[in-house]
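Summary of the model geometry
So you can see what is in the structure, the chains are spelled out below.
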Amino acid sequence: MAKIYVASSWRNEFQPDVVDFLRKKEHEVYDFRNPPEKAGFGWSAIDQNWREWDIEQYKEALSHPIAEAGFNSDFNGMKWAEVCVMVLPCGRSANSEAGWMKGKGKRVYVYQPVPQEPELMYKLYDGISDSMARINDMIILENTCYKTGKPCNCEGLCRESY
C-alpha cells in the first residue's frame, strides 16, 4: 500500500476519520496531529499570546526550537510520503504542503467532504472527490503495475511504455 501524508487543518473535524480510514485500508499514514514519538506542533507551545505577534515576533518564533522541531517532523513526513491527501477545509499550511509535494512529483488528491468554494489551481492535482473510498481507489490504481497488475515497484516506469 502507499505511504500517505494527510494535509489539513487542526480545526478540520474530518481529518482524524481520514487518517483512520486510510490506516484501515493498510496504508502507512503520517498524521501531523500525532506524529511519531512527538506531540503535534502548536504556536501556543511557544507563546500563549501568539495571536498578538507582530511580524518581527512571528519571524523570530519561526526559529524557536519548538517550531523547528514541528517543521522538521512535518517536512520529513512530506519527504517520506509517496502521496498527499489534502482534506478540506484547510488553510495555508496544508495548501503549501500539497503544493510542495506536487512540485516534487508526488501524487496529490483533494478530499472535499462538504461543499467548498471551487479552486481553479486544484487542477494541478491528481484527483478531487467527496468520497474517501474513491480517493483510495485512485491511490490503489496508481500503485498497480501496468505490466503485471500487481503492486508497482518500478516507480511508474511501467507507465512509460503505455
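Refer to the preceding data block for the structure.
Everything quoted here is computed from the prediction, not taken from an experiment.

Cut-offs used in this document
- Residues numbered from 1 in each chain as written.
- Predicted model: local features only at pLDDT ≥ 70, side-chain atom pairs only at ≥ 80, totals over all residues.
- Heavy atoms only, no water.
- Buried < 20%, exposed > 50% of the residue type's maximum accessible area, 1.4 Å probe, protein only.
- Helix = DSSP H or I, 4+ residues; strand = E, 2+ residues; numbered from the N terminus.
- Arc of directions from axis to C-beta.
- Contact = heavy atoms within 4.5 Å.
- Polar contact = N/O pair within 3.5 Å; in protein donor to acceptor, adjacent residues only side chain to side chain.
- Axes fitted to C-alpha atoms, helices over the stretch in contact; angles between N-to-C directions.
- Left-handed = near helix turned anticlockwise from the far one by under 90°.
- Nonpolar A, V, L, I, M, F, W, Y, C, P; charged D, E, K, R; others polar.
- Patch = residues over 30% accessible without salt bridge, like charges linked within 9 Å, V, L, I, M, F, W, Y side chains within 5 Å.
- Areas by Shrake-Rupley, 256 points an atom, 1.4 Å probe, with all protein chains shown as cover.
- Salt bridge = Lys/Arg side-chain N within 4 Å of Asp/Glu carboxyl O.
- Pairing = 2+ DSSP bridges.
- Right-handed = clockwise from strand over helix to strand, strands pointing away.
- Expected span 1.5 Å × (residues − 1).
- Phe/Tyr/Trp six-rings, centres within 6.5 Å; stacked < 30°, edge-to-face > 60°.

Time to look at helix 5 (residues 132-142). Along helix 5, the residues classified as buried are Met132, Ile135, Asn136, Met138 and Ile139. What you see down the axis of helix 5 is that its buried residues fit within an arc of 160°, all on one side. Looking at the buried side of helix 5, the elements it contacts are strand 1 (3-7), helix 1 (15-24), strand 3 (83-87), strand 4 (107-111) and strand 5 (127-129). Structurally, the start of helix 5 carries an N-cap: the backbone nitrogen of Ala133 is 3.3 Å from a side-chain oxygen of Ser131.

The relative placement of two packed helices comes down to the angle between their axes together with the axis-to-axis distance. Where helix 3 (residues 65-80) meets helix 4 (residues 92-103), the closest approach of the two axes is 10 Å, and the angle between their N-to-C directions is 35°. The two elements helix 3 and helix 4 cross, and the hand of that crossing is right-handed. Across from Asp74, Phe75, Met78 and Lys79 in helix 3, the residues of helix 4 making contact are Glu97, Trp100 and Met101. Counted by class, the contact of helix 3 with helix 4 contains 4 nonpolar, no polar and 3 charged residues.

In this section: a nonpolar patch on the surface. Judged by side-chain polarity, Ile55, Tyr58 and Leu62 come together as a nonpolar surface patch covering roughly 280 Å² of accessible area. Along the chain, Ile55 falls in helix 2 (residues 55-61).

Looking now at the pattern of salt bridges. Throughout the structure, instances matching the rule amount to 2 salt bridges. Residues Asp126 and Lys102 are paired through a salt bridge, measuring 3.0 Å at the closest nitrogen-oxygen approach. With a gap of 24 residues between them, Asp126 in the loop between strand 4 and strand 5 and Lys102 in helix 4 connect regions that are remote in the sequence.

Before going further, it helps to examine the pairing of strand 2 (residues 28-31). The two faces of the sheet receive side chains in turn, since in a regular strand these alternate between them. Note: strand 1 against strand 2, 4 bridges, orientation parallel. Bridge pairing in strand 2 places Val6 opposite Asp31. Following the chain from strand 1 across helix 1 to the adjacent parallel strand 2, one finds a crossover that is right-handed.

Another aspect to go through is helix 3. Along its 16 residues, helix 3 runs 22 Å from first to last C-alpha, staying within 8% of the 22 Å computed at 1.5 Å per residue. On its buried face, helix 3 sits against strand 1, strand 2, helix 2 and helix 4.

Looking now at the packing of aromatic side chains. All told, the structure shown has 8 aromatic pairs when counted by the stated rule. Ring plane angle 20° and centroid distance 5.3 Å describe the contact between Phe71 and Phe75, whose orientation is recorded as stacked. Of this pair, Phe71 and Phe75 both sit in helix 3, 4 residues apart, roughly one helical turn. Residue class for Phe71 comes out partly exposed when judged on its relative accessible area of 48%. On the accessibility criterion, Phe75 (21% relative accessible area) is partly exposed. Centre to centre, the rings of Phe75 and Trp100 are 4.9 Å apart; their planes meet at 65°, and the pair counts as edge-to-face. On the criterion of sequence distance, the pair formed by Phe75 in helix 3 and Trp100 in helix 4 is long-range, its members being 25 residues apart. Through pairs of rings, three or more aromatic residues link up here, namely Phe41, Trp43, Trp53 and Tyr58.

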